[in-house]
Amino acid sequence: MQTTEGPTSETVNEPNLLQLKDILRDELIAILETIRGSKALVLDKEVSGALSMIVDFGLLKEHGVEKIFLLEAGPLDTGATKGVFYFTLPHVQKMKIIAEQVKAGLQASSDATKEYSLQLVPRRTLICERVLEEEGVLGDIALGEYHMDFIPLEDDVLSLELPATFKELYLDGDFSSVQYTARALMRLQGLFGFFPRIVGKGDFAQLLAEGLTRMRLELMSTGLGGGNASNALAISSAFDSVVIIDRAVDLTTPLLTQLTYEGLISEVFGINDGSITLGGSAGTASTQSGASGSGSDAQTAAKRKRIMLNSSDGIYRMVRSMNFSAVGNMLSKMSRQLQDSYESRHKAKTVQEIRSFVGKLGGLQSEHQSLKTHVSLAETILKRTQTDDFSSILDIEQTLVGGGDLTQEQMACFDKFFALADLQAPVPGVGGELKGQTPPTSSPNSIHKVLRLLCLYSLWRGSHFKQKTYDAWYEGIIAGFGFHHTFTLDNLDNVGLLASPSSAKAAAAAATASSQRVASANTPDESLTTGLLTTTMPSTRPRNPVHTNQLGFLRKTLNLVVGDVRESDPDDVSFVYSGYAPISIRLLQCLVRDPAVYTTNTSSRYAALLRPLGDSRSRPAQRDGHNMGGVKSGWEGWDDVLSELPGETVDIVQSPSDRDADAAIADEMVKRLGEKAPATLVVFLGGCTFTEIAALRLLSQQHNHRYIAATTQIINGNSFLDPLIQKPPQI
């Protein structure tokens, strides 16, 4: 049976991304060593999980850390510790909380030598300094920054673990995450050399690409040649290119129900910081390490069970990227193999054979416990997938992406969701823990669940979305979930996820006007030298589409819907949604010239663009071991497809020199080295799903070429929408 993990063969130039964790750990320890003696850590909740993946408490204790607190408003008792370290995202409100705690600590402490240090993650900002100055504590606290850039969650997955990036980019107008991503990529270029080619799609993909090229040119102009700087000035032999996908280019994928094992764990349990937590009551976990708590809190914490989900678990590594329909058979097969291994003890007759079995016993017991865990998780997920509610939602999703009209029965499901609204429903993937040992069999009717379907309907029905239907749903949401969701609906309208049909027409006209302004500015007399944002605002809508139904055109042209999908032994990335291929991955396949994009509906012009890899079902790359992947010709020939997608198109060849005379030589050198590079970095700005990661792993196997996912955050539909959802007022 075929697995969906990437190639395991090692090459000389294979990028070792796990070294990033060692670098981050060393930098963290260096910061802690700036204060001698006992220390207390105060961690932003949105940072604590990421830090736990970098360093464990044992190592922190070796370097003087005695207590760990979560940052929250109110007094902070750090006891007799000599130093207090704050690690937090650079948010104004959090600066005010820290300022109050520092002032209270200075007034109450009899020890005048106690030191305070604030480390902003991943970068310090001027506005945070100004707030601390206004609060009168800037001189009392050592201000620094902890460059917590890409964290290697796996050897093929990097994440900045930045929450709410899509909302910040497209609703708040806060582009800081683009800057953070650029600096994180510069760190990678410092380790592996600069990316020979930068390709991408989306307005913020262009902004990121411009930032990368500008940073490298600045590095070249300084003449610094030591350490990582010298690597950043050399062409990478590890990466052939970096592909940047703005989340706005593919809004459909995170809204759909993920159907891989890992994806469904995220949907049902919620994966946070590479783990799930079962049991106990909902609430903040580990409020204060080392601090005394109530007896009930201690009992609740004791009942919780944290399950790590990563490749150190051999069983999980094998089944995580499989379609869930194939997981049961695989777990059953593993169970039989494990039983056979245990039975082998009866065949051990000699002392040497007995010693050999005893040596394997520890591994067998560990594997048995892992198998027991995943069988339990799979049984819980199976119960969810067998409910009428799950089937109805999946049927609605597949009907919409397939271009069909919803039946009256399917439309009636929305009214049922409004009528049975659950205001207290737990939302997997949004933080916190489930209230019971296992999730409810049927998914509760949370606002997240309802909005995912409404947004999907709005995106795929397009001009067929009637104002009358929108108004009825608007009233249903307000009546079922509360008046504060008027702000939620306004947010979704502004970012183009759930647009009122009347506002959608106005937005389309505005997008076209913006496109015309860009074209007008991009003339010999007036170039776009001042950047994208001075001529047009980023948008989730295509600026100048040819087709009125853009997603319908893309469905046919990019072969998004595959009827004969092989879920158990996949040969196409559409297996992750049982017949639907993510647009983001299809765009990568366009760059790679993968024949899976070809359909009988695809014009001969598009078919001619595709690389002659042969029959994709025969997997020629696996058979002969030849590297068939990587970006070779950029976006050339895909103009019609790109015009139906939002945002700018990026295709930059980075030159080893900034001199024009060397440009032709540089292009040829980049092309030659890029063809030999064993990996391609795929950057998702605004979040990446587990299904997209699973699809990349299948492509890695088929092409014998590593596709490494780098993202601002791992998301599912709930965590994608949650920042846009207005929280109820606190009474």
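Residue indices begin from 1 for each chain and proceed along its sequence in written order. Whole-chain, interface and lining totals are the exception, using all residues; otherwise, since this is a predicted model, local features are given only for residues with pLDDT of at least 70 and side-chain atom pairs are given and counted only at 80 or more. Side-chain measures here rest on the full set of heavy atoms in the structure, leaving out hydrogens and waters.

1. Quick look at the sheet that holds strand S14 (residues 679-685)
Ordered in space as S6-S7-S15-S14-S9-S8-S13, the 7 strands form an open sheet in which the pairing is mixed. The open sheet has two free edges, formed respectively by strand S6 (151-154) and strand S13 (649-653), since each of these has just one partner strand. Adjacent strand axes in the sheet meet at a mean angle of 20° when their direction is disregarded. Alignment of strand S9 (residues 239-246) against S14, held across 6 bridges, turns out to be parallel. Counted as the bridge partner of valine 242 is leucine 681 from S14. By this definition, two strands are paired if DSSP reports at least two bridges between them. What counts as a helix is a DSSP run of H or I of at least four residues, what counts as a strand is a run of E of at least two, and both are numbered from the N terminus. Only the stretch in contact is used when fitting a helix axis, every axis being a line fitted to C-alpha atoms; angles between N-to-C directions are given from 0 to 180 degrees.

2. A short note on the packing of aromatic side chains
Aromatic rings from Phe, Tyr and Trp, with only the six-membered ring used for Trp, were paired whenever their centres fell within 6.5 Å, and each pair was classed as stacked if the ring planes differed by under 30 degrees, edge-to-face if by over 60, and tilted otherwise. Evaluation of the coordinates by the stated rule reveals 19 aromatic pairs. Seen in terms of ring centroids, phenylalanine 87 and tyrosine 146 are 5.9 Å apart; in terms of plane orientation they differ by 90°. Their pairing is edge-to-face. Of the two residues, phenylalanine 87 is situated in strand S3 (residues 83-88) and tyrosine 146 in the loop between strand S5 (142-145) and S6; the sequence distance between them amounts to 59 residues. No difference in accessibility class separates phenylalanine 87 from tyrosine 146, as the two residues are buried. Taking the centre distance of 6.5 Å and the plane angle of 90° together, the rings of phenylalanine 414 and phenylalanine 417 count as edge-to-face. Note that phenylalanine 414 and phenylalanine 417 are positioned in helix H17 (residues 408-419) at a spacing of 3 residues, about one turn of the helix. Each member of the pair, phenylalanine 414 together with phenylalanine 417, is buried. The classification of residues rests on relative accessible area computed with a 1.4 Å probe and restricted to protein chains. Under 20% of the type maximum is buried, over 50% is exposed, and intermediate values are partly exposed.

3. So, the packing of helix H19 (residues 467-481) against helix H20 (residues 485-494)
Between H19 and H20, the shortest axis-to-axis distance is 9 Å and the interhelical angle comes to 140°. The orientation of H19 with respect to H20, classified from their angle, is oblique. Note on packing geometry: the crossing formed by H19 with H20 is right-handed. Contacts between H19 and H20 pair Tyr474, Ile477, Ile478 and Phe481 from the former with His485, Thr486 and Leu489 from the latter. Within the contact of H19 with H20, the residues separate by chemical class into 5 nonpolar, 2 polar and no charged. Angles below 35 degrees are treated as roughly parallel, those above 145 as roughly antiparallel, those between 65 and 115 as roughly perpendicular, and all remaining angles as oblique. If you view the pair so one helix is near and one far, a crossing is left-handed when the near helix is turned anticlockwise from the far one by less than a right angle, and right-handed when it is turned clockwise. We call two residues in contact whenever any of their non-hydrogen atoms come within 4.5 Å of each other. Each residue gets one label: Ala, Val, Leu, Ile, Met, Phe, Trp, Tyr, Cys and Pro are nonpolar, Asp, Glu, Lys and Arg are charged, and the others, such as Gly, are polar.

4. Observations concerning the packing of H17 against helix H18 (residues 447-461)
Interaxial distance between H17 and H18 falls to 10 Å at its minimum, and their mutual angle equals 150°. The angle between the axes of H17 and H18 places the two elements in the roughly antiparallel class. For H17 against H18, the interelement crossing comes out left-handed. Only Lys449, Val450, Leu453, Leu454 and Tyr457 of H18 make contact with H17, whose side of the interface consists of Met411, Phe414, Phe417 and Phe418. Here the residues of the contact of H17 with H18 are counted per class, giving 8 nonpolar, no polar and 1 charged.

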